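A structural walkthrough
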Amino acid sequence: MRVPISVIHICETLRDAGHEAWLVGGAVRDALLGRDAHDWDIATDAHPRTITEGDLFPRVIETGIQHGTVTVLIDGEGYEVTTFRGDGDYSDGRRPDSVRFLNTIEEDLARRDFTVNAIAYDPLRDVYADPYGGRKDLSIKVIRAVGNPLQRFSEDGLRVLRAARFAATLGFNIECNTMAAIRPSLGTYAQVAVERIQAEWLKAMAAPEPSRAFRVMAETGILGVTVPEFELMFGCSQNKYHAYDVWEHTLRVLDACPVGDPILRLGALFHDVGKPLVKAPHPVTGDGTFYDHEVVGAEVTETILNRLKFSTEDRDRIVHLVRHHFIRYEKGWSKATIRRWVRRVGLENVAPLCTLARADIAGKGPAMMELEPEIIDELESRIATMQVTEVMPTSTKVLVINGKDVMDHLGIPPGPGVGKVLAALLEAVTDDPEANTRERLLDLASKVSIEV
Ligand code: ATP
Ligand code: MG
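Chains are numbered independently. Their residues run from 1 in the order of the written sequence. Numbering of ligands from 1 and lettering of chains from A proceed in the order in which they are written. Only residues with pLDDT of at least 70 are given local features in this predicted model, and only at 80 or more are side-chain atom pairs given and counted; all residues enter the totals for whole chains, interfaces and linings. Water and hydrogen atoms play no part in the side-chain values, which are based on all heavy atoms of the structure.

**Description of the pattern of salt bridges**
When a carboxyl oxygen of Asp or Glu is within 4 Å of a side-chain nitrogen of Lys or Arg, the pair counts as a salt bridge. Under the defined criterion, the tally for this structure stands at 34 salt bridges. A salt bridge links Arg162 to Asp113, with the nearest nitrogen and oxygen atoms 2.7 Å apart. Within this pair, whereas Arg162 is found in helix 7 (residues 158-171), its partner Asp113 is found in the loop between helix 4 (105-109) and strand 8 (120-122), the two being separated by 49 residues in sequence. Each residue is assigned to one of three classes by its accessible area relative to the maximum for its type, calculated with a 1.4 Å probe on protein chains only: buried under 20%, partly exposed between the two thresholds, exposed over 50%. Since its relative accessible area comes to 21%, Arg162 is described here as partly exposed. The exposure class assigned to Asp113 is buried, which follows from its relative accessible area of 9%. Among the ionic pairs, Arg328 bridges to Glu294, the shortest N-O distance being 3.0 Å. Remark: Glu294 occurs in helix 16 (residues 293-307) and Arg328 occurs in the loop between helix 17 (312-324) and helix 18 (335-345); sequence separation between them is 34 residues. With a relative accessible area of 5%, Glu294 lands in the buried category. If you follow the salt bridges from partner to partner, you end up with Asp113, Arg162, Arg165 and Glu200 in one network. Helical segments are the DSSP runs of H or I of at least four residues, strand segments are the runs of E of at least two, and each set is numbered from the N terminus.

**Here's the deal with the packing of helix 11 (residues 211-220) against helix 13 (residues 246-256)**
Throughout, an axis means a line fitted to C-alpha atoms (over the contacting stretch in the case of helices), and angles, computed between N-to-C directions, take values from 0 to 180 degrees. Orientation of helix 11 relative to helix 13, taken along the N-to-C sense of each, is 155°, at an axis distance of 9 Å. What the angle tells us is that helix 11 and helix 13 run roughly antiparallel. Residue-level contacts link Ser211, Phe214, Arg215 and Ala218 of helix 11 to Trp247, Glu248, Leu251, Leu254 and Asp255 of helix 13. For the contact of helix 11 with helix 13, the residue count by class is five nonpolar, one polar and three charged. By definition in this entry, angles of less than 35 degrees are roughly parallel, angles greater than 145 are roughly antiparallel, angles of 65 to 115 are roughly perpendicular, and the rest are oblique. What makes two residues a contact is simply this: any of their non-hydrogen atoms within 4.5 Å. Think of it as three bins: nonpolar holds Ala, Val, Leu, Ile, Met, Phe, Trp, Tyr, Cys and Pro, charged holds Asp, Glu, Lys and Arg, and polar takes everything else, Gly as well.

**So, the environment of Val225**
Topologically, Val225 is positioned in helix 12 (residues 222-226). Taking the C-alpha atoms as reference points, Val225 and Ser185, separated by 40 residues in sequence, lie 11 Å from one another. With residues near it in sequence (within four places) discarded, Val225 still touches Leu186, Tyr189 and Ala190.

**Some points on the site of ligand 1**
One heavy atom within 4 Å of a molecule or strand is enough for the residue carrying it to be called near that molecule or strand. Near ligand 1 there are 14 residues, and of these Arg29, Asn117, Asp156, Arg159 and Arg165 occur at the shortest range. Any pair of nitrogen or oxygen atoms within 3.5 Å is treated as a polar contact; in protein, a donor-acceptor pairing is required on top of that, and neighbouring residues in sequence qualify only through side-chain atoms on both sides. Contact between ligand 1 and Asn117: an oxygen atom at 2.9 Å from a main-chain N or O atom of the residue. A distance of 2.8 Å separates a nitrogen atom of ligand 1 from a polar side-chain atom of Asp156. Per-residue accessibility takes into account occlusion by the displayed protein chains alone, with areas from the Shrake-Rupley method and a 1.4 Å probe. Considered on its own, ligand 1 offers 580 Å² of accessible surface; in the complex 78% of this is hidden by protein. Among the secondary structure elements, those contributing two or more residues to the shell around ligand 1 are helix 2 (26-32) and helix 7. Per element, the largest residue contribution to the shell around ligand 1 is four residues, and it comes from helix 7. Among the residues making up the shell around ligand 1, the classes are represented as one nonpolar, three polar and ten charged.

**Section: the pairing of strand 1 (residues 21-24)**
Across the two faces of strand 1 the burial is the same, with Ala21 and Leu23 and Trp22 and Val24 all buried. Any two strands between which DSSP finds at least two bridges are classified as paired. Pairing analysis gives four bridges linking strand 1 to strand 2 (residues 41-44), with the strands arranged antiparallel. Note that in strand 2 the partner of Trp22 across the bridge is Ala43. Across two bridges, strand 1 lies against strand 8 in antiparallel orientation. Counted as the bridge partner of Leu23 is Tyr121 from strand 8.

**What to know about the sheet that holds strand 3 (residues 60-64)**
With mixed pairing, seven strands are arranged side by side in an open sheet as 3-4-5-2-1-8-9. Of all strands in the sheet, those bounded by a partner on one side alone are strand 3 and strand 9 (127-129). Neighbour to neighbour, the strand axes of the sheet diverge by 35° on average, direction disregarded. Strands in contact with helix 1 (residues 5-16) are strand 1, strand 2, strand 4 (69-74) and strand 5 (77-83); relative to strand 5, the strand with the most contacts, it is inclined by about 40°.

**Comments concerning a negative patch on the surface**
Residues enter patches when their relative accessible area tops 30% and they take part in no salt bridge; the joining distance is 9 Å for like charges and 5 Å for the nonpolar side chains Val, Leu, Ile, Met, Phe, Trp and Tyr. Residues counted as positive are Lys and Arg, residues counted as negative are Asp and Glu, and His and the chain ends are not counted. A charged residue contributes its charge at one atom only: NZ of Lys, CZ of Arg, CG of Asp or CD of Glu. The grouping of Asp39, Asp75, Glu77 and Glu80 at the surface amounts to a negative patch. Residue placement: Asp39 occurs in the loop between helix 2 and strand 2.

**Some remarks on unusual backbone geometry**
With phi around 50°, Asp39 is a residue other than glycine that occupies positive phi space. Since its relative accessible area comes to 57%, Asp39 is described here as exposed. At Lys309, a position not held by glycine, the phi torsion is positive, near 55°. By secondary structure assignment, the location of Lys309 is in the loop between helix 16 and helix 17.

Geometric descriptors of this kind do not, in isolation, establish any biological role.
Shown next as structure tokens:
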């Protein structure tokens, strides 16, 4: 196993002081899978006070000393060192009432959630402690609770969601007893703080196929607890343009969005949430119609993201993607129409919206692509070309005259009238960029001001 030199150094320092030092948790799991391992966690029998008060390490921060965790700083990099511990009783399904420090790594591994997360490695002796068969489960790609899944899920309700998330990030299946224990544990899951849920959702977005997590969440009822609004999408049939119901389509669009942009993927997850609410049969054909689903969907998305305590910035970006995901572009769009669309969605959102639109088309299913994804490529390339030849009229800031010019020229005082004139000038420049000269704009200002 390739272990960073600083981590080895910490282990050696602990050993030389007469203690044990084991690498545990996600980094060991990921390294065994041949993945990039980060956040190396070290478990030791040394008491936290021994680490902070002794002179073993030049810099130690008491990050979570009440839980036995301290952070050792080496070359500006932090490494978490945690004393072997077990959890006391869990009375609220959220956090242990107390922690106990223990003497052996085996006892420490017993408190961990899944077997693949309960493997310890001593890099100095090249020895594993793997009492729950974590390495075996890694090889057969299984998420299995350590010990009795019902009991483990009743201690901490977040674990059911972590199972779903790891199923996606690792591409594993959940062992059947572990899976069966999820539904009976939803009462405990319902107590989990939304901040922890949000963090797991964001981590799921980094999976090759985030849909794996959301399929588990849908099937076990986890999703219904957190976002009952989503359950309306299950089985919501669409129309002749779609092979799948709204939920299956959503999961396919989610996976079709590139990894690396979690906000875009969240936009995909929410993009059609409004559809079940506006579904109506076509008066003639009887096929499903979904008028204004993006408008209703944006409102629902905002409500849900507020409830999940997303940051204002993330929330606004996701809501914006939902609001504008439905691109009605056709070859017949004039340059002025394109300019208006760019102004409405914002230049910086053109690329993500086009990416989402291509994923949306791919998610309709084979042979259902009424619009070929190439139509979106065409829109994007027309915009790229226009950006080379003109300044896109995205706001009144691109006008060569400003509010003061308008006031001086028309002899009017500051007030809403000035903004109205500028807006009218922007409209004119959107239709004809050549109009963006001082002379023509002042001339236009005199004409529009009469109507204002
Ligand atoms: P990631 O790659 O997402 O960081 P991880 O396995 O490292 O995955 P962390 O949340 O960083 O997850 O936790 C580190 C280790 O602590 C886990 O591998 C697991 O052994 C243990 N652990 C974390 N959360 C829980 C929990 N809710 N219940 C039990 N054990 C947990
Ligand atoms: Mg980790």
